[in-house]
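Inside the fold
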Amino acid sequence: METKTIEFLGDFYNGSFQRAKNPDDTWQISSPSDKKDTVICPEASFQHIEEAVASARRAFPSWAHLGLEKRKEYFQRLIEIYQKYENEMAETIARETGKPLWEAQTEAKALSGKINVTINHSLKRVSEEKVPDALPGVDGYVRYKPRGVMAVLGPFNFPAHLPNGHIVPALLTGNTVVFKPSDKTAAVGQLMAKMFAEAEFPEGVFNLVQGRGETGKRLVASHQVDGILFTGSYEVGLKIKQETLTHYWKILALEMGGKNSAIVWEDADLEKAVYENIVGAYLTSGQRCSATSKIILHKSIADTFLENFYETAKKLTIGHWKENAFMGALVSADSVDNYLRFQEIAKREGAECIMRGKALDLSPSGNYVTPSIYKIKEFDPKSVYQQTEIFGPSVSIYTVNDLETAFAIANGSSYGLVHSVFTKDRSIYEKALLDIRVGLVNWNRTTNGASSKLPFGGMKKSGNDRPSADFAVYYCTVPVASLEDLNPFSKEKMFPGISYQFHQK
Ligand code: SIN
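These remarks concern the structure in this document. Predicted, not measured: the structure shown is a model, and the values here were computed from it. (Residues numbered from 1 in each chain as written. Predicted model: local features only at pLDDT ≥ 70, side-chain atom pairs only at ≥ 80, totals over all residues. Heavy atoms only, no water.)

1. Some points on the site of the ligand
Every residue lining the ligand is accounted for by Asn-157, Phe-158, Leu-162, Arg-288, Cys-289, Ser-290, Asn-448, Gly-449, Ala-450 and Phe-456. Interatomic distance of 2.9 Å between a backbone N/O atom of Cys-289 and an oxygen atom of the ligand. Between the ligand and Ser-290, the relevant distance is 2.6 Å, taken from an oxygen atom to a side-chain nitrogen or oxygen of the residue. Tallied by class, the residues present in the shell around the ligand amount to five nonpolar, four polar and one charged. When residues of the shell around the ligand are assigned to domains, at least three fall in each of domain 1 (11-256 + 463-482) and domain 2 (260-454). (Near = heavy atom within 4 Å. Polar contact = N/O pair within 3.5 Å; in protein donor to acceptor, adjacent residues only side chain to side chain. Nonpolar A, V, L, I, M, F, W, Y, C, P; charged D, E, K, R; others polar. Domains from an automatic or database assignment.)

Now the structure itself:
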């Protein structure tokens, strides 16, 4: 596999890549797996932001009027292009994020899958609905129309799959898009734009701007943007909300963080529960908003669970993206520092260290860390370790005697994304469905690895009640209500007090 520095092509709008003469910002992306491997050297131009938005605005009316069936034809071509570039995409994702190639391959494959799911599954949600006799003698219709220009701001952990999960439904429903990838994954963003260019979408339908915080800020503030579809941290999501408080016309779909829990009950299939929770806590090195952060064990199975969990976690392989280990590197040196800081915080707060997370010195040198496990004597809602989303491979273990305490720990978080419950008892699962304040509740399955055929979004600090995945088609559209009255005028239906005589000239 060749790993030479990828040529930076610029931003993509008006149907072509545009490089700034005098960029406002430049930076360098090194592979988290090998600090000496320079992936790409991106640039940002603030002037390009409004140009990209204007390009999307100009393309909007004809794309919206083209109709769904014609838009689908472009997507059939895009499926072929996505599949053609699957290997290149997987390698670019792995190299730029540090996630192992096997995992990046599942992400690259999901791109074309998302198009099929949206066409065959999600679009039904926004198909025309006739409401006979919506008013006496008059039929009503609900029809969904596109909103306009959607700004899509992507995260680093799934640099292709998660933005694609906004872009595909936005475009299929007739919107145009300006995509800003994470500044940590500019090469993946550039490859997305190359694929749209090769699929020959009409000029301005898909646009790309590269940049760091200031670019994101300017893009969301643009008055020509009608919607902001964001996946990332709570802190950035909150800033977007603040920046656009008076922009009444913009829809915000904010997918933010998580501090997810799993309850493993006394009757659970423990062999399965250990495996699923290893995956929940450590897949993508814990860098998923859906990662399992708290495992709540019934006292009777706690020792067996913990022994098996520890023995498995200890042996997880960690390595360069090409090595196909279970865990790759963390995305940045800052993430390593942050992860190590939380080891200190856990210790300071009195958590019992079962396995301490350390920086791992591999060759070539990258942002590698080992997984960690902390046993918590008593849940503390004020604990920094127990409350903060760490975005690294760390999990806390609680032992309880009763479900009430287990549910209180699960709900004792400002986030509310996913919860898992491991039990054979359906009534416990049903209680979790109602009582645990999250958007996703899984039964005998890990918290991560969501389905595109289901809604994805959380409560509290995890989201703003605009679930994505299968439900993205809702926030991409405006429901239009119509009363269609094809009856001739009838004097009998006139309100009292109107004396009306029509005169034909
Ligand atoms: C994420 O949004 O961070 C991951 C979602 C998933 O695990 O499928």
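2. So, the packing of helix α2 (residues 68-84) against helix α4 (residues 101-120)
Any two packed helices are characterised by how steeply their axes cross, that is the angle between the axes, and by the distance between the axes. Interaxial distance between α2 and α4 falls to 8 Å at its minimum, and their mutual angle equals 155°. Between α2 and α4, the angle is such that the two are roughly antiparallel. Where α2 crosses over α4, the handedness of that crossing is left-handed. Contacts between α2 and α4 involve Lys-72, Phe-75, Gln-76, Leu-78, Ile-79, Tyr-82 and Gln-83 from the former and Leu-111, Ser-112, Ile-115, Asn-116 and Ile-119 from the latter. A class-by-class count of the residues in the contact of α2 with α4 yields seven nonpolar, four polar and one charged. (Axes fitted to C-alpha atoms, helices over the stretch in contact; angles between N-to-C directions. Helix = DSSP H or I, 4+ residues; strand = E, 2+ residues; numbered from the N terminus. Parallel < 35°, antiparallel > 145°, perpendicular 65-115°, else oblique. Left-handed = near helix turned anticlockwise from the far one by under 90°. Contact = heavy atoms within 4.5 Å.)

3. Some details on the side chain of Thr-118
Tracing the backbone shows Thr-118 in helix α4. For Thr-118, the residues in contact, after removing those within four places along its chain, are Leu-123, Val-168, Pro-169, Leu-172 and Val-473.

4. Concerning the side chain of Asn-464
Along the chain, the position of Asn-464 falls in the loop between β25 (459-460) and β26 (468-469). Looking at Asn-464, its side chain comes within polar contact range of the main-chain nitrogen of Leu-254, at 3.0 Å.

5. Things to note about the nonpolar core
Phe-75 and Met-89 are the most contacted members of the largest nonpolar core, which totals 50 residues. In this structure, Phe-75 is in contact with Trp-63, Ile-115, Ile-119, Val-168, Leu-171, Leu-172 and Phe-201, ignoring residues within four places of it in sequence. Ranked by size, the runner-up nonpolar core spans 30 residues in total, among them Ala-313, Leu-316, Phe-326 and Val-395. (Core = buried A, V, L, I, M, F, W, Y, C linked by side-chain atoms within 4.5 Å. Buried < 20%, exposed > 50% of the residue type's maximum accessible area, 1.4 Å probe, protein only.)

6. A word on the sheet that holds strand β20 (residues 394-400)
Judged by pairing direction, the sheet is mixed, and its seven strands sit side by side in the order β16-β19-β20-β15-β14-β22-β23 without closing on themselves. Either end of the sheet is taken by a strand with one partner, and the two such strands are β16 (352-355) and β23 (440-443). Each strand axis lies, on average, 20° off the axis of its neighbour in the sheet, ignoring direction. Packing against the sheet, helix α14 (residues 426-435) makes contact with β22 (418-422) and β23, and its axis sits at approximately 170° to β23. (Pairing = 2+ DSSP bridges.)

7. Some details on α2
The first and last C-alpha atoms of α2 sit 24 Å apart over 17 residues, in line with the 24 Å expected at 1.5 Å per residue. Turning to α2, its buried residues are Arg-71, Lys-72, Phe-75, Leu-78, Ile-79, Ile-81 and Tyr-82. Against the buried residues of α2 lie α1 (46-66), α3 (86-97), α4, α5 (161-172) and α6 (186-198). (Expected span 1.5 Å × (residues − 1).)

8. As for the pattern of salt bridges
Overall, the coordinates contain 19 salt bridges when judged by the stated rule. The partner of Arg-125 in a salt bridge is Asp-470, with the nearest N and O atoms 2.7 Å apart. Of this pair, Arg-125 sits in the loop between α4 and β7 (129-135) while Asp-470 sits in the loop between β26 and α15 (472-475), and the two are 345 residues apart along the sequence. The exposure class assigned to Arg-125 is partly exposed, which follows from its relative accessible area of 31%. Looking at Asp-470, the relative accessible area reads 0%, which means it is buried. Put simply, Glu-128, Arg-143 and Glu-484 are held in one network by salt bridges that share partners. (Salt bridge = Lys/Arg side-chain N within 4 Å of Asp/Glu carboxyl O.)

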